[in-house]
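Structure assessment
Listed below, chain by chain, are the residues.
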Amino acid sequence: MALLDIIVAPDPRLKRKSVAVATVDAATARLMDDMLETMYDAPGVGLAAPQVGVLKRIIVVDPAREDEPRRPLKMVNPEILWSSDETKPHEEGCLSLPQEYEMVTRPDRVRVKYIDENNAPQELEADGLLAVAIQHEMDHLNGVLFVDHISTLKRGIILRRLTKQKKLGKHPADE
Ligand code: K1U
Ligand code: ZN
């Protein structure tokens, strides 16, 4: 397995729509393993393929806490079949927007269909952190970032800060 480089915003690749995967072959399975290793190393609760420069509809998530056994999910071509009318605010971060956190309101529960690592169709109903992470990662597949769900003012502040750090060649975690 390998650690992949995570793209940091602003970057045009994070704003593009990803394409569906025709079949889950060995290369796709290896990519998902590498994405999981990269996510655990970061650490994060999810990662989408466009964040590592691959514009395909692939996400990985694991909502388990550090003191719990790992529960990795590898999802290809995920689609939301149903989302609850009830919404909930949750603090979100993003490995592509390091050190930036804001409250985002999303449906509290979702039902999702996807193809798993064995090319088998699956369905899953999720709530809590898993539901938030799946929606956050699926947004990445459509070129949407969590800052697109907050006010224009806050989004502008965050993106200007990241642009400045990129120009200086600085990583926000170094500050
Ligand atoms: O897409 C990403 O960049 C991953 C992102 C996903 C996410 C975080 C929070 C709510 C919804 C979705 C992250 O994992 S950011 C890191 C993070 O929040 C975290 C890291 C370690 C433990 C717990 C959370
Ligand atoms: Zn993200």
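Residues numbered from 1 in each chain as written. Chains lettered and ligands numbered in written order. Predicted model: local features only at pLDDT ≥ 70, side-chain atom pairs only at ≥ 80, totals over all residues. Heavy atoms only, no water.

1. So, the coordination of the zinc ion (ligand 2)
Inclusion rule: Only N, O and S atoms count as donors, using a 2.8 Å cut-off from the metal and 3.2 Å for Na, K and Ca, and because water is excluded some sites may appear unfinished. Counting from the N terminus, the helices are DSSP H or I runs at least four residues long and the strands are E runs at least two residues long. Categorising residues by exposure relies on relative accessible area from a 1.4 Å probe, with only protein chains included: less than 20% of the type maximum marks a residue as buried, more than 50% marks it as exposed, and the intermediate range marks it as partly exposed.
Looking at the zinc ion (ligand 2), the protein donor atoms are Cys94 (SG), His136 (NE2) and His140 (NE2), and they sit 2.1 to 2.3 Å from it. Expressed as a motif, the donor residue spacing for the zinc ion (ligand 2) is C-x41-H-x3-H. Placement of the pair is His136 and His140 together in helix H2 (residues 128-141), with a separation of four residues, close to one helical turn. His140 carries the same exposure label as His136, and that label is buried.

2. A short note on the sheet that holds strand S7 (residues 121-127)
Stated formally: Here, a strand pair is defined by DSSP locating no fewer than two bridges between the strands. Between the N-to-C directions of two axes lies an angle of 0 to 180 degrees, each axis being a line fitted to C-alpha atoms and, for a helix, fitted only over the stretch in contact. Whether two residues are in contact is decided by their heavy atoms: any pair within 4.5 Å suffices.
In spatial order, the strands read S1-S2-S3-S6-S7; together these five strands make up an open sheet with antiparallel pairing. Two strands lie at the open edges of the sheet, namely strand S1 (46-48) and S7, each paired on one side alone. Shown here is a sheet whose adjacent strand axes are inclined to one another by a mean of 40 degrees, direction ignored. Inspection of the sheet shows strand S3 (residues 73-83) paired to strand S6 (residues 109-115) by five bridges, in the antiparallel sense. Within S6, the position partnered with Trp82 by the bridge is Arg111. Sitting on the sheet, helix H1 (residues 26-41) is in contact with S1, strand S2 (58-61) and S3, with an inclination near 40 degrees to S2. Sheet strands in contact with H2 are S1, S2, S3, S6 and S7, and its direction is about 155 degrees off that of S2.

3. Here's the deal with the pattern of salt bridges
Opposite charge on two side chains lets them pair, provided their charged atoms get close. What counts, and what does not: One speaks of a salt bridge when a side-chain nitrogen belonging to Lys or Arg is within 4 Å of a carboxyl oxygen belonging to Asp or Glu.
Considering all chains together, one arrives at 14 salt bridges under this definition. Here Arg13 and Asp11 are joined by a salt bridge, their closest N and O atoms 2.8 Å apart. Residue Asp11 is classed as buried on the basis of its relative accessible area, which comes to 13%. Arg109 is the partner of Glu125 in a salt bridge, and the nearest nitrogen-oxygen pair spans 3.1 Å. Note that Glu125 is positioned in strand S7 and Arg109 in strand S6, a separation of 16 residues in sequence. For Glu125, a relative accessible area of 41% corresponds to the partly exposed category. Each of the salt bridges in this network shares a partner with another, and the network as a whole consists of Arg65, Asp67, Glu68 and Arg71.

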